[in-house]
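Chain and residue survey
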Amino acid sequence: MSPKNVIFKKVCKDKSVGVYMGKRDFVDRVDSVEPLDGVILIDPEALQGRKVFVTLSCTFRYGRDDMDVMGIAFRRELYLATRQVYPPLQDREKGIHTRVQAKLLRKLGNNSYPFFFEFPDNLPCSVALQPAPSDVGKQCAVEFEIKAFSAESQDAKVRKRSTVKLMLRKVQYAPEGEGIAPSVETTRDFVMSDKPLHVKASLDKEVYYHGEPIKVHVSVTNNSSKNIKNIILSVDQIANVVLYSNDSYAKCVDIEDSGDSVSPGATLQKVYTMLPLLANNSERRGIALDGKLKHEDTNLASSSIVKDGVLKEVLGIMVSYRVMVKLIVGGMMGSSEVGLEVPFKLMHAKPDAVKESEQEEEIVFEEFKRSYLKGIIGDDDDEEGNVSGGDDMAPKEK
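Summary of the structure given here. Quick caveat: nothing in here was measured; it's all calculated off a predicted structure. (Residues numbered from 1 in each chain as written. Predicted model: local features only at pLDDT ≥ 70, side-chain atom pairs only at ≥ 80, totals over all residues. Heavy atoms only, no water.)

This paragraph deals with the overall build of the protein chain. A count of helical and extended segments in the protein chain gives two helices and 24 strands. A buried classification covers 44% of the 398 residues belonging to the protein chain. Carbon and sulfur atoms provide 48% of the accessible area of the protein chain, an area that totals close to 20700 Å². (Helix = DSSP H or I, 4+ residues; strand = E, 2+ residues; numbered from the N terminus. Buried < 20%, exposed > 50% of the residue type's maximum accessible area, 1.4 Å probe, protein only. Areas by Shrake-Rupley, 256 points an atom, 1.4 Å probe, with all protein chains shown as cover.)

Put into structure tokens, the structure is as follows:
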């Protein structure tokens, strides 16, 4: 069976403006980003002569909106673009960029108007730092949002009743090609030992998918007189908050205390399996997560891939991963450590593309209303005044 055309919709409280979009995730291919398109449905009577605008924004938030220290707000707008949708500034047909838009305009009727945005290629992807269970307010995050509203002018005061907001995601998928399998080795000499300790750690490939086991090949040749008392492996997530302070947070997201030992003159060849999952870190503060839509599950943040020439300082939060292999070396004066860092990428597999020609003609509408979801409690005022688009606003089928 062909995939259905699922359309996400949301309507403001006074029902003057409704937003209809074919998707909420937009793919960053490093050298280009998928454009954003949708349709606005208006109610001329509810508008009462007001104009309709749509904005696309990218915001980096590193504190609650109600926090203000010495006049400095804890949020920064990285990008903002605005389009006037109604009254239209160009012919309605010229604003159509996709087949989904054309279908929606036919279905929704003469009071519907298309909108279109192109993402700049220097914006970060959606990512957030996980708050602790006791934290309140909004989390530190890079967020994308579409806002549609009716007002007398673009700069006029906007009423919440006449505003509708939709959270979006900008995501990256694993690049094509295998890449070079990472491998790191080191040799350590010790006092009172004629020969050295040699350690090598390698992975099978450079890129792993979320939920995929990571096999770590460890080779130890202990020609020294020291006893290796233990081998500890961990997967570390490094989140660099580069926008405002260049803070770096290293969080262990998986660990194995093997208990393996290597006596003097012995060798060890072993494969360890690591599996970093958000499920095992769900209440740890500061873990970087992929940006999520409010009612959906997410995962550990994907590795950041940056286009050459883009200033990293404007990218909000940069995420990378490494496998740490740590050998605990016994000695007369106490234990010491020998460590290796093996970098790798953790990302989503690129989904199979669905051609527009393979999609069913039937359009299925899905609400953006969180109150339909059991156990989900609204956590901010931004959603206040937004309701899901009911069938009373959409034109009836004849």
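Examined against the element boundaries, Val242 turns out to sit in the loop between strand E17 (228-241) and strand E18 (247-257). A residue is classified by how much of its surface remains accessible, and Val242, at 12% relative accessible area, is buried. For the pair formed by Val242 and Gly316, sequence separation is 74 residues and the distance between their alpha carbons is 5.6 Å.

Now for the sheet that holds strand E14 (residues 197-203). Reading across the sheet, the four strands line up as E13-E14-E16-E19 and stay open at both edges, with antiparallel pairing between neighbours. At either end of the open sheet lies a strand with only one pairing partner, and these are strand E13 (183-188) and strand E19 (267-274). On average, each strand axis in the sheet is inclined to that of its neighbour by 15 degrees, with strand direction left out of account. For strand E16 (residues 214-222) and E19, the ladder comprises eight bridges, and the chain directions are antiparallel. Note that in E19 the partner of His217 across the bridge is Val271. (Pairing = 2+ DSSP bridges. Axes fitted to C-alpha atoms, helices over the stretch in contact; angles between N-to-C directions.)

One open sheet accounts for five strands, arranged E15-E22-E21-E17-E18; its pairing is mixed. Whereas interior strands pair on both sides, the edge strands pair on one side only; in this sheet they are strand E15 (207-209) and E18. Averaged over neighbouring strand pairs, the angle between their axes works out to 35 degrees when direction is ignored. Judged from the nine bridges that link them, strand E21 (residues 317-329) and strand E22 (residues 336-347) form a sheet pairing that is antiparallel. Bridge assignment links Val323 to a residue of E22, and that residue is Val342.

For the rest of this paragraph, the subject is the pairing of E16. Across seven bridges, the pairing between E14 and E16 is antiparallel. Within the sheet, the bridge partner assigned to Leu197 lies in E16 and is Asn222.

Counted by the stated rule, this structure contains seven aromatic pairs. Ring geometry for Phe26 and Phe119: centres 5.8 Å apart, planes at 45 degrees, overall tilted. Within this pair, whereas Phe26 is found in strand E3 (residues 25-27), its partner Phe119 is found in the loop between strand E9 (112-117) and strand E10 (127-129), the two being separated by 93 residues in sequence. Comparing Phe26 with Phe119, the two get one shared label, buried. Consider the rings of Phe53 and Phe149, whose centres lie 5.5 Å apart with planes at 25 degrees: the pair is stacked. Within this pair, whereas Phe53 is found in strand E5 (residues 51-61), its partner Phe149 is found in strand E11 (residues 141-151), the two being separated by 96 residues in sequence. Classification of Phe149 as buried rests on a relative accessible area of 4%. Members of the aromatic cluster, joined through ring pairs, are Phe26, Phe119 and Phe144. Over the aromatic face of Tyr208 sits the side chain of Lys205, whose NZ or CZ is 5.2 Å from the ring centroid. (Phe/Tyr/Trp six-rings, centres within 6.5 Å; stacked < 30°, edge-to-face > 60°. Lys NZ or Arg CZ within 6 Å of the ring centre and 35° of its normal.)

The next point concerns helix H2 (residues 99-108). Buried residues dominate H2, accounting for seven of its 10 residues. The complete set of buried residues in H2 reads Val100, Gln101, Ala102, Lys103, Leu104, Leu105 and Leu108. The positive-phi residue at the C-terminal boundary of H2 is Gly109, with phi of around 95 degrees.

For the structure on display, the rule yields 10 salt bridges. Taking the shortest distance from any N to any O, the salt bridge between Glu34 and Lys23 comes out at 3.1 Å. Of this pair, Glu34 sits in the loop between E3 and strand E4 (36-42) while Lys23 sits in the loop between strand E2 (17-21) and E3, and the two are 11 residues apart along the sequence. The buried category is assigned to Glu34, whose relative accessible area is 16%. Among the ionic pairs, Lys205 bridges to Glu212, the shortest N-O distance being 2.6 Å. What you see here is one network of salt bridges that share partners, running through Asp14, Arg50 and Arg159. (Salt bridge = Lys/Arg side-chain N within 4 Å of Asp/Glu carboxyl O.)

In this section: the side chain of Ser219. Tracing the sequence through the fold places Ser219 in strand E16. Here Gln269 takes part through its side chain, which lies 3.0 Å from a polar atom of the side chain of Ser219. When near neighbours in sequence (up to four residues on either side) are disregarded, Ser219 contacts His198, Val199, Lys200, Leu268 and Gln269. (Polar contact = N/O pair within 3.5 Å; in protein donor to acceptor, adjacent residues only side chain to side chain. Contact = heavy atoms within 4.5 Å.)

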